[in-house]
Amino acid sequence: MNKVPFTKMHGCGNDYIYVNAMLHHIPDPQATAIAWSDRHKGIGSDGLVLIDASPVPEADFCMRIFNADGSEAMMCGNASRCIGKYLYERGLTDKAVIRLLTLSGVKTLQLHIVNNIVESVTVDMGAPVFEDENLFVEARGLKEGKGTFVSMGNPHYVIFTDDVDQVGETGRILEFHPAFPQRCNIEFARVEADGTIRTRVWERGSGITQACGTGACATAVAAVLAGKVGRKSSIVMDGGTLNIEWREQDNHVYMTGPAAFVFDGEAASFAATVSQHRGTAGTPL
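Small disclaimer: the values here were computed from a predicted structure and weren't measured. (Residues numbered from 1 in each chain as written. Predicted model: local features only at pLDDT ≥ 70, side-chain atom pairs only at ≥ 80, totals over all residues. Heavy atoms only, no water.)

1. What about the overall build of the protein chain?
In step 1: Secondary structure summary: the protein chain contains 5 helices and 18 strands in total.
In step 2: The C-alpha atoms of the protein chain give 18 Å as radius of gyration, which agrees with the globular expectation for 285 residues (19 Å, within 12%).
In step 3: C-alpha extents for the protein chain along the principal axes are approximately 55 × 40 × 35 Å.
In step 4: At a minimum sequence separation of 6, the contacts of the protein chain that also span at least 24 residues come to 60%.
In step 5: If you sum the accessible surface of the protein chain, you get close to 12,200 Å²; carbon and sulfur atoms cover 49% of it.
In step 6: Placing the 25 positive and 33 negative side-chain charges of the protein chain at their respective mean positions leaves the two points 2 Å apart. (Helix = DSSP H or I, 4+ residues; strand = E, 2+ residues; numbered from the N terminus. Rg over C-alpha atoms; globule rule 2.2 N^0.38 Å. Contact = heavy atoms within 4.5 Å. Areas by Shrake-Rupley, 256 points an atom, 1.4 Å probe, with all protein chains shown as cover. Lys, Arg positive; Asp, Glu negative; His and termini not counted. Charge placed at Lys NZ, Arg CZ, Asp CG, Glu CD.)

Printed below as a string of structure tokens:
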């Protein structure tokens, strides 16, 4: 049976399955993401990430990311940090600064390395965008909550509320609201007494996740716009904390946070997975 090596990693609990596409071809990544992401019959994850060589000289590597429902995402902040750790610690690069090509452009990863271990990664997420008719049509009116639209390469709608636990019920509805032509990621945020921002997220195509890097950035930007915090903030999500800075000098948002290996394993190719209903074998690191 054809087996594909994979590595499972997470950034603040936002877990994905990573495949070195430079060595292993995934012919149907959409279907593979659905099969492998199943937490009962597959590996279990928020989606599938393919790491490949960059087709353009402006970047060192490229990434493609597929959500648990098979839809392709433009960008993922947590996944990009994990890619930085993967590339360095697996010996695919010796660079501490990596240029990563995504569907939302080239992102720069600054690795923070101690004794050859990547302890955290800072990602230049670029400038936030507040108007995009392809992603948000305000005229279609949202009744479920007054929020702020922020695109960080993918669409986010941030709602400040005391009830962040409505994420499951309200997030499910808002993802498919007509105001969002390509669906949307929904954040529910509350500024705490210590200045941190407690945030829960409903990710487009994956549902409730432990964390969302672009969502943390969108939340931080929305909080600045609302006058709730300064340009540096800590976003506390279900799986951990991300530190965000929206710099005035270049208008870019910088995200810093950890990345971690979970385990390595081999999985049946998609064709074998479907035809034989086989699971996976993983070896903890």
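2. A few points about unusual backbone geometry
In step 1: Look at Arg183: it is not a glycine, yet its phi comes out positive at around 65°.
In step 2: Positionally, Arg183 belongs in the loop between α3 (167–175) and β11 (185–191).
In step 3: Despite not being glycine, Asn251 shows a phi value in the positive range, around 65°.
In step 4: By secondary structure assignment, the location of Asn251 is in the loop between β15 (240–246) and β16 (253–257).

3. Quick word on the side chain of Arg183
In step 1: One polar contact links Arg183 to Glu175, side chain to side chain, over a distance of 2.8 Å.
In step 2: The contact partners of Arg183, leaving out residues within four places of it in the chain, are Asp69, Ser71, Pro155, Glu175, Phe176, Arg204 and Gly205. (Polar contact = N/O pair within 3.5 Å; in protein donor to acceptor, adjacent residues only side chain to side chain.)

4. As for the pairing of strand β9 (residues 148–151)
Each regular strand carries side chains that alternate between the two faces of the sheet.
In step 1: With 4 bridges connecting them, β9 and strand β10 (residues 155–160) associate as antiparallel partners. Bridge assignment links Val150 to a residue of β10, and that residue is His156.
In step 2: Between the end of β9 and the start of β10, which pair antiparallel, lie 3 residues, with Gly153 showing a positive phi angle near 95°. (Pairing = 2+ DSSP bridges.)

5. So, the nonpolar core
Grouped burial of nonpolar side chains is what soluble globular proteins tend to show.
In step 1: In this structure, Tyr18 and Ile244 are the most contacted members of the largest nonpolar core, which totals 52 residues.
In step 2: Take this core: its biggest share by element is 8 residues, from helix α4 (residues 213–225).
In step 3: Apart from residues lying up to four places away in sequence, Ile244 is in contact with Ala216, Cys217, Ala220, Arg231, Lys232, Ser233, Ile235, Val253, Tyr254 and Met255.
In step 4: Ranked by size, the runner-up nonpolar core spans 15 residues in total, among them Ile159, Leu174, Phe180 and Cys184. (Core = buried A, V, L, I, M, F, W, Y, C linked by side-chain atoms within 4.5 Å. Buried < 20%, exposed > 50% of the residue type's maximum accessible area, 1.4 Å probe, protein only.)

6. Re the pairing of β15
In step 1: Relative to β15, strand β14 (residues 232–237) is paired through 6 bridges, and the arrangement is antiparallel. Its bridge partner lying in β15, Met237 is registered against Gly240.
In step 2: A loop of 2 residues connects β14 with β15, the two strands running antiparallel in sequence.
In step 3: In this sheet, β16 lies alongside β15 in antiparallel orientation, the contact comprising 4 bridges. From the neighbouring strand, Asn243 faces β16, where its bridge partner is Thr256.

7. Things to note about a nonpolar patch on the surface
In step 1: Among the surface-exposed residues, Met22, Leu23 and Leu92 lie close enough to one another that they form a single nonpolar patch of about 270 Å² accessible area.
In step 2: Tracing the backbone through its elements, the reader meets Leu23 in the loop between β2 (14–20) and α1 (29–37).
In step 3: Taking the relative accessible area as the measure of exposure, Leu23 reaches 63% and is therefore exposed. (Patch = residues over 30% accessible without salt bridge, like charges linked within 9 Å, V, L, I, M, F, W, Y side chains within 5 Å. Salt bridge = Lys/Arg side-chain N within 4 Å of Asp/Glu carboxyl O.)

8. Here's the deal with the side chain of Thr199
In step 1: Structurally, Thr199 can be placed in strand β12 (residues 197–203).
In step 2: Apart from the residues within four sequence positions on either side, Thr199 is in contact with Glu187, Phe188, Ala189, Thr219, Ile235, Val236, Met237 and Asp238.

9. Focus: the pattern of salt bridges
In step 1: One pass over the structure, following the stated rule, counts 15 salt bridges.
In step 2: Residues Arg99 and Asp60 are paired through a salt bridge, measuring 3.0 Å at the closest nitrogen-oxygen approach. Of the two residues, Arg99 sits in strand β6 (residues 97–102) while Asp60 sits in the loop between β3 (47–53) and β4 (61–67), which places them 39 residues apart along the sequence.
In step 3: The exposure class assigned to Asp60 is buried, which follows from its relative accessible area of 16%.
In step 4: Ionic pairing is found between Asp264 and Arg90, a salt bridge with its closest N-O pair at 3.2 Å. Residue Asp264 is located in strand β17 (residues 260–268), and its partner Arg90 is located in the loop between α2 (77–89) and β6; the two are separated by 174 residues in the primary sequence.
In step 5: Residue Asp264 is classed as partly exposed on the basis of its relative accessible area of 22%.
In step 6: Look at Arg90 and you get partly exposed, because its relative accessible area is 33%.
In step 7: Via salt bridges that share partners, Lys8, Asp15, Arg39 and Asp46 belong to a single interconnected network.

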